[in-house]
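Chain by chain, the residues:
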Amino acid sequence: DASSIKLTTIAPALGVAGDNTPDYLEYDTKGRGITTTMFANTGLAYLLGIVGGGFYGLREGLQNTPSNRFRVKLNSVLNHCSRHGSRVGNMMGVLSIGYSLFEGAADHFEIDQYTGPVQPVGPALAAFATGATYKIQAGPRVAGLAGAIGLGCVGVTYTAYSVLGIPYGQKGWLFF
């Protein structure tokens, strides 16, 4: 007899609420999670890298064409666009993944609470660690230089945002 079954006892499986209280969505006060941020950053960085590298490849292909025939020029342009676009896109995607992971680790371990009033320590450490990790195979001197370049990018962005009066990290993409 099915009339004796109470739907409220198996309510979570059927989506039937046993009480009249509202269901609340989980809300993270820190914003998007590390995975969501990483995917968004990587996709945008890869797209920008492919477009930028493609335009550079277009210029190189037009300059370095061995012939004035249209088919040879087209082939040269396509070869250069695909070579430079894919290289720059892949490089920027990998750097974006590294940066997102390092920044997520800095947020997870709450590095900012140890630094006092100095603000973007997490992004600055993430940028330095990303550059150093990316170029670690070239040796410690090159890795340090790459980390310093990443740190400089965050510093320039932070300074520009401070001068313009824009809250740092408001844009939600990498360290912007």
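See the structure shown above.
Everything numeric in this text was worked out from a predicted model, so none of it was measured.

Calculation notes
Within each chain, residue numbers correspond to sequence positions counted from 1 in written order. Local features in a predicted model are, by the rule used here, given only for residues with pLDDT of at least 70; side-chain atom pairs are given and counted only at 80 or more, and totals for whole chains, interfaces and linings are based on all residues. The basis for every side-chain value is the complete set of non-hydrogen atoms in the structure, without hydrogens or water. By the criteria applied, helices consist of DSSP H or I runs no shorter than four residues and strands consist of E runs no shorter than two, each listed in order from the N terminus. Note on definitions: a residue-residue contact is assigned when non-hydrogen atoms from the two residues lie within 4.5 Å. Burial here depends on accessible area, computed with a 1.4 Å probe over protein chains only, as a share of the maximum for the residue type. Under 20% is buried, over 50% is exposed, and the range in between is partly exposed. For a helix, the expected span equals 1.5 Å multiplied by the number of residues minus one. Every angle, taken between N-to-C directions, lies between 0 and 180 degrees, and every axis is a line fitted to C-alpha atoms, over only the stretch in contact when it is a helix. We call two directions roughly parallel when the angle between them is under 35 degrees, roughly antiparallel when it is over 145, roughly perpendicular when it lies between 65 and 115, and oblique otherwise. Should the near helix be turned counterclockwise from the far one by less than a right angle, the crossing is left-handed, whereas a clockwise turn marks it as right-handed. Polar here means any residue other than Ala, Val, Leu, Ile, Met, Phe, Trp, Tyr, Cys and Pro, which are nonpolar, and Asp, Glu, Lys and Arg, which are charged; Gly is therefore polar. Basic side-chain nitrogens of Lys or Arg form a salt bridge, by our definition, when they fall within 4 Å of a carboxyl oxygen of Asp or Glu.

Asker: How do you make sense of the environment of Ser 76 when you look at a structure like this?
Answerer: As for its placement among the helices and strands, Ser 76 is situated in helix α3 (residues 70-108). Among residues more than four places away in sequence, those in contact with Ser 76 are Gly 61, Asn 64 and Thr 65.

Asker: Which parts of the structure should I look at to understand unusual backbone geometry?
Answerer: Positive phi, close to 50°, is recorded for Glu 110, a residue that is not glycine. Within the fold, Glu 110 resides in the loop between α3 and α4 (121-134). Accessibility expressed as a relative area gives 38% for Glu 110, which makes it partly exposed.

Asker: Would you explain α3 in this entry?
Answerer: Count 3.6 residues to each turn of an α-helix, and residues three or four apart come out pointing the same way. Relative to the 57 Å expected for 39 residues at 1.5 Å per residue, α3 spans 55 Å between its end C-alpha atoms, a close match to the ideal helical length. Residue Glu 110 follows α3 closely and has a positive phi angle near 50°.

Asker: What am I meant to see in the packing of α3 against α4 here?
Answerer: Between two packed helices, both the angle of their axes relative to each other and the distance between the axes serve to describe the pair. Viewed as axis vectors pointing N to C, α3 and α4 meet at an angle of 135°, and their least axial separation amounts to 8 Å. Compared by their axis directions, α3 and α4 come out oblique. Between α3 and α4 the crossing geometry is right-handed. Contact residues: α3 offers Met 91, Val 94, Leu 95, Gly 98, Tyr 99, Phe 102, Glu 103 and Ala 106, while α4 offers Gly 122, Pro 123, Ala 126, Ala 127, Ala 129, Thr 130, Thr 133 and Tyr 134. Taken together, the residues that form the contact of α3 with α4 break down as 11 nonpolar, four polar and one charged.

Asker: Honestly, the pattern of salt bridges in this entry has me stumped. Any pointers?
Answerer: If the charged atoms of two oppositely charged side chains come close together, the side chains can form a pair. What the rule picks out here adds up to one salt bridge. Measuring nitrogen to oxygen at the nearest pair gives 3.3 Å for the salt bridge that ties Glu 60 to Arg 59. For Glu 60, a relative accessible area of 15% gives the class buried.

Asker: What am I meant to see in the environment of Gly 150 here?
Answerer: Its place among the elements puts Gly 150 in helix α5 (residues 140-164). Separated by 26 residues in sequence, Gly 150 and Ala 124 place their C-alpha atoms 7.8 Å apart.

Asker: Looking at this structure, how should I read α5?
Answerer: A rise of 1.5 Å per residue sets the reference length of α5, with its 25 residues, at 36 Å; its end C-alpha atoms lie 36 Å apart and thus fit the reference within 8%. Taken together, the buried positions of α5 are Ala 143, Ala 146, Gly 147, Gly 150, Val 154, Thr 157 and Tyr 161. Among the structural elements, α4 are those in contact with the buried residues of α5. Phi turns positive, to about 80°, at Gly 165, one or two residues after α5.

In short, geometric facts, not functional conclusions.
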